[in-house]
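Structural overview for review
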Amino acid sequence: EPVTETIIRDVRAVGGKLKAVLLPLDRNSPFGYVSVLQEDDVEPSDGQRNVLNQLRDWDLWGPLFICLSLALILTTKAPAKQTSHVFTTVFIVMWIGSFVVTINAQLLGANISIFQSLCVLGYCVFPLTVSALVIAILRCTWFGTLWLDLIWLGLGFVWATRVSSIFVGQFVKRERRLLALYPVFFFYLLLGWLILLF
Amino acid sequence: MMQQSDDDNNGHDLEFTTCVDSSVPQNVPAPPPPSCHPTNGVLSNMIQSPATTAAPSLQQPSSYTPSAISFLNKSSHPIACSFHILFKGLGFLIYMMGSKFMEDIMVTVICILLLAADFWVVKNITGRLLVGLRWWNKVDPVTGMTNWMFESAASNSQNSNARNNSFDSRFFWSVLYLTPVLWSLCFLSAMFWFEFQCFVTLSCALVLSVSNVYGYYKCSADQREKLKQWMDSGAELGVRAMVRNGALGWILGRFGGGGDGGGRMQ
């Protein structure tokens, strides 16, 4: 197939997944947390299933670009001496963090493929990236107080954990689900804290 | 009588098509033994022997510059060859020299972007064009399991057009194997001098290049497997023909002998 077709195909796949992560999952249950924590089998509803199926065709380009953009956004705000440290920290936290969360879920008995879970966790950082961008832009204006930053971060955090918690929760039995989900929350919390810090 | 004509047909079946192509110049000096890459059919080697006798001398990097244009002319996909090297070379160059005229952070970002571009180009484009190999993954829509597919271009050894230049494949494989070696040398030297700030770039470079090498190695193993299977099935056909022939001959001989023996006994 011609080269341009290959490029366009890949770009469309990444774009589709980004859109899927950002859009609301389902009108009926805005937060999937309740069902995830309480029911025996997490049955994703139709809207959620669409999103999950789209994220199933994994590719790691999206997470790479998301990670790079997040790191770049944070380095633009950082003082000059520390830019490389900030970049390295964000990069390493994101990749190693996703890897650790995946290994943890696997050790708890879920048979998730590593790449798929890396893909989902990486794409779900996208809302946090958006909120980091918003914070960075607003910091120049008089909106840039700590409390507003926290609001943006909170929104980003909820949006980010929505899809990933359902994805991870699908594969783990109910007794261990909290054990598997806790690292997911912790991972996004850590990223959010880094955004706030830098 | 009928069995005799059957014999003749079976005899024709056994003829393999290794005829000499008279359009090829004969009495050409023997080309150097091809690399262990199995895609080079015997015929295509003979056809391109003038090129291949010149090619070994071009493999040392010092002679790239004087004959750069003629170097690229030997390839049937010169653009793909240049892209194959372009991103890798740029990335390596910027890694080495970049900190002289831009900040570290820009060096890292640009290196990572170039390395990612190089990975994509080698995986999707140059592999397909230069050696006809492809590796990708397919997600099973039913179970959600990932299947890795390593494929080689469907071609028989008679289709020498699909068997690209031996130059192309030699170029591709040498550059492909050289890249992780170079990056791991950089990695080791960085570790040795305790410079850890390039760690991110180097680990990215290593991961991407090693995964490309691994994917193409498995593709080529698959290709070798296919070639072996083809040869085996060809040999099996031949053996079956021989067995048939032999069985018929044996049966014939037995009846004939029995008849004769029976005749003689009586």
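Residues numbered from 1 in each chain as written. Chains lettered and ligands numbered in written order. Predicted model: local features only at pLDDT ≥ 70, side-chain atom pairs only at ≥ 80, totals over all residues. Heavy atoms only, no water.

Of the regular secondary structure elements, chain A holds nine helices and zero strands. Secondary structure elements in chain A, listed N-terminal to C-terminal, are α-α-α-α-α-α-α-α-α. Across the 198 residues in chain A, those meeting the buried criterion constitute 47%. Here the analysis covers contacts within chain A between residues at least 6 apart in sequence; of these, 79% occur between residues at least 24 apart. Accessible surface, chain A: about 10300 Å² in total, of which carbon and sulfur atoms supply 68%. (Helix = DSSP H or I, 4+ residues; strand = E, 2+ residues; numbered from the N terminus. Buried < 20%, exposed > 50% of the residue type's maximum accessible area, 1.4 Å probe, protein only. Contact = heavy atoms within 4.5 Å. Areas by Shrake-Rupley, 256 points an atom, 1.4 Å probe, with all protein chains shown as cover.)

Nonpolar side chains tend toward joint burial in soluble globular proteins. Grouped together as the largest cluster of nonpolar side chains are 95 residues, with contacts concentrated most on Phe91(A), Val125(A) and Tyr188(A). Broken down by element, this core gets its largest block of residues, 15 residues, from helix 6 (residues 104–131) of chain B. When near neighbours in sequence (up to four residues on either side) are disregarded, Tyr188(A) contacts Val120(A), Leu121(A), Cys124(A), Val125(A), Leu128(A), Phe157(A), Ala160(A), Thr161(A) and Ser164(A). (Core = buried A, V, L, I, M, F, W, Y, C linked by side-chain atoms within 4.5 Å.)

To continue, consider the state of the cysteines. Residue and element names in this part refer to chain A. Summed over all chains, the structure comprises zero disulfides over all chains. Unpaired in terms of disulfides, Cys119 finds its nearest cysteine sulfur in Cys124, a separation of 8.8 Å. Owing to a relative accessible area of 0%, Cys119 belongs among the buried residues under this scheme. (Disulfide = S-S within 2.5 Å.)

The next subject is helix 7 (residues 126–138) of chain A. Here helix 7 of chain A spans 18 Å end to end across 13 residues, near enough to the 18 Å set by a 1.5 Å rise per residue. Contacts made by the buried residues of helix 7 of chain A are with helix 1 (3–22), helix 4 (61–77), helix 6 (114–123), helix 8 (146–171) and helix 9 (174–197) of chain A. (Expected span 1.5 Å × (residues − 1).)

We now examine the interface of chain B and chain A. Where the parts come together, the accessible area they lose is often given as the size of the interface. Contact residues are listed per partner, giving 22 residues for chain B and 23 residues for chain A. Across the chain B to chain A interface the summed buried area is about 1900 Å²; carbon plus sulfur atoms make up 75%. Of all residues in chain B, the largest losses of buried area upon contact with chain A belong to Ile105(B), Trp120(B) and Val200(B), amounting jointly to 28% of the total for that side. On inspection of chain B and its partner chain A, the count reaches zero salt bridges. Of all the elements in the fold, those that place two or more residues in the side of chain B that touches chain A are helix 6, strand 1 (133–139), strand 2 (146–152) and helix 8 (199–265) of chain B. Residue contributions to the side of chain B that touches chain A peak at eleven residues, all from helix 6 of chain B. (Buried area = accessible area lost by both parts, 1.4 Å probe. Salt bridge = Lys/Arg side-chain N within 4 Å of Asp/Glu carboxyl O.)

The grouping of Ile79(B), Phe83(B), Leu86(B), Leu90(B), Leu93(B), Met96(B), Met97(B) and Phe101(B) at the surface amounts to a nonpolar patch, some 790 Å² of accessible area in total. In this structure, Ile79(B) sits in helix 5 (residues 78–101). (Patch = residues over 30% accessible without salt bridge, like charges linked within 9 Å, V, L, I, M, F, W, Y side chains within 5 Å.)

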